[in-house]
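Given next are the chains, with one letter for each unit.
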Amino acid sequence: DIHPPICLFYTAAGKMAQHGVHFTQRLAYSLDAGESWQKHDGPAIVPTITAENRDPKIFFHQPTARWVMVLYLEKRDELQWFEILTSIDLLHWQPASRVSLPGTGECGDLFKLPVQGRPDESRWIFWSADGVYLIGDFDGVQFISNQKPLYAYNGNTPGPPSGAYAAQRF
């Protein structure tokens, strides 16, 4: 049987990271529908950007024919910073832009949703672990929002999550 490859992106940290190197982003793949996995044996697909960069989320952006990765970077100046990277082959990633959100957590994600009641319209959502999100537009390189952050878990009010954390899109 021939199976299409399945790719899994992960953060190597702690004992899994190379000695003296902080978090890096790695790739594993399966050629047998997930029965077994092989780690990509080259260097990290994304080397350390900041000490705690982690939680890669990847999707294919059809209009630019590129893969997009959203990666948590760090908390700085009361903002959580995320990097958007792009790739044509899943192995070589280029920084594209950065997004910041106030008082939020890691596990950034970026996805497109249809606008309810408007079948020809959609918006991009930039999401974080705490349920803080922005609605905006994404051109394959840069996410732009002219709105204040919204808060999914607490009725659109800032504060610690009310029982939920790090919802994942699959």
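Just so you know, the residues in each chain are numbered from 1, in the order the chain's sequence is written. With the structure being a predicted model, the display of local features is reserved for residues of pLDDT at least 70 and the display and counting of side-chain atom pairs for 80 or more, all residues being used for whole-chain, interface and lining totals. Side-chain calculation: all heavy atoms of the structure are included, whereas hydrogens and water are not.

### A look at the pairing of strand β8 (residues 109–115)
Following DSSP output, two strands are said to pair if at least two bridges run between them. In this description a helix means any DSSP run of H or I spanning at least four residues, a strand means any run of E spanning at least two, and both kinds are numbered starting from the N terminus. Relative to strand β9 (residues 118–127), β8 runs antiparallel, the two sharing 7 bridges. Bridge assignment links leucine 113 to a residue of β9, and that residue is arginine 123.

### Some points on the pairing of strand β5 (residues 66–76)
Alignment of strand β4 (residues 54–61) against β5, held across 6 bridges, turns out to be antiparallel. Paired with lysine 57 across the bridge in β5 is valine 70. Count of turn residues in the β5/strand β6 (residues 79–87) antiparallel hairpin: 2 residues, of which aspartate 77 carries a positive phi of about 55°.

### Things to note about the sheet that holds β6
Spatially, 4 strands are ordered β4-β5-β6-β7 in an open sheet, and the strand pairing comes out antiparallel. Either end of the sheet is taken by a strand with one partner, and the two such strands are β4 and β7 (94–102). Pairwise comparison of adjacent strand axes, ignoring direction, gives a mean angle of 25° for this sheet. Angular values range over 0 to 180 degrees, each being the angle between N-to-C directions of two axes fitted as lines to C-alpha atoms, with helices fitted over their stretch in contact.

### Concerning the confidence of the model for the protein
Should pLDDT be low for a region, the predicted coordinates there are not to be read in detail. On a scale of 0 to 100, pLDDT captures the predictor's confidence in every residue. A residue-level look at the protein finds 89% of positions with pLDDT of 70 or above and a mean pLDDT of 89. Mean pLDDT per element in the protein: strand β12 (residues 150–151) is the minimum at 87, and strand β11 (residues 143–144) is the maximum at 97.

### Quick notes on the sheet that holds strand β1 (residues 6–12)
Across the sheet, 3 strands lie side by side as β1-β2-β3; this open sheet has antiparallel pairing. Edge positions in the sheet fall to β1 and β3 (38–39), since each of these pairs with one other strand and no more. Across 2 bridges, the pairing between strand β2 (residues 24–30) and β3 is antiparallel. The partner of alanine 28 across the bridge, within β3, is lysine 39.

### Some remarks on the layout of surface pockets
Every definition here rests on a 1 Å grid over the protein atoms only: cavities are sets of points where a 1.4 Å probe fits but cannot get out, pockets are open sets enclosed by protein on both sides within 12 Å along at least five of seven lines, and lining residues have some atom within 4 Å of a point. Grid points are joined across faces, edges and corners, and a volume is the space filled by probe spheres set on the points. Roughly 290 Å³ of volume is contained in the largest pocket. As for the largest pocket, its lining consists of Cys7, Leu8, Phe9, Pro56, Lys57, Ile58, Trp67, Leu90, Gln168, Arg169 and Phe170. Just so you know the grouping, Ala, Val, Leu, Ile, Met, Phe, Trp, Tyr, Cys and Pro go in nonpolar, Asp, Glu, Lys and Arg go in charged, and all remaining residues, Gly too, go in polar. Here the lining of the largest pocket is composed, by residue class, of 8 nonpolar, 1 polar and 2 charged.

### Digging into the nonpolar core
Grouped together as the largest cluster of nonpolar side chains are 16 residues, with contacts concentrated most on Ile84, Leu110, Phe126, Phe138 and Phe143. When contributions to this core are tallied by element, the ones reaching two or more residues are β5, β6, β7, β9 and β10 (132–138). Once residues within four sequence positions are removed from consideration, phenylalanine 138 is found in contact with Phe59, His61, Val68, Ile84, Leu110, Trp124 and Phe143. Listed in part, the 9 residues of the second largest apolar core include Phe9, Met69, Leu90 and Trp93. Nonpolar cores were defined as sets of buried Ala, Val, Leu, Ile, Met, Phe, Trp, Tyr and Cys residues, with membership established by side-chain atoms within 4.5 Å. Any residue under 20% of the maximum accessible area for its type is buried, any over 50% is exposed, and the rest in between are partly exposed; the area is computed with a 1.4 Å probe on protein chains only. Any two residues whose heavy atoms approach within 4.5 Å at even a single point are treated as in contact.

### A closer look at a nonpolar patch on the surface
A cluster of nonpolar side chains, contributed by Ile6, Leu8 and Trp37, occupies part of the molecular surface with about 260 Å² of accessible area. Within the secondary structure layout, tryptophan 37 lies in the loop between β2 and β3. The patches reported here contain residues having more than 30% relative accessible area and no salt bridge. Joining distances are 9 Å for like charges and 5 Å for nonpolar side chains (Val, Leu, Ile, Met, Phe, Trp, Tyr). Only the protein chains shown count as covering a residue, and every accessible area follows the Shrake-Rupley method with a 1.4 Å probe. What counts as a salt bridge is simple: a side-chain nitrogen of Lys or Arg found within 4 Å of a carboxyl oxygen of Asp or Glu.

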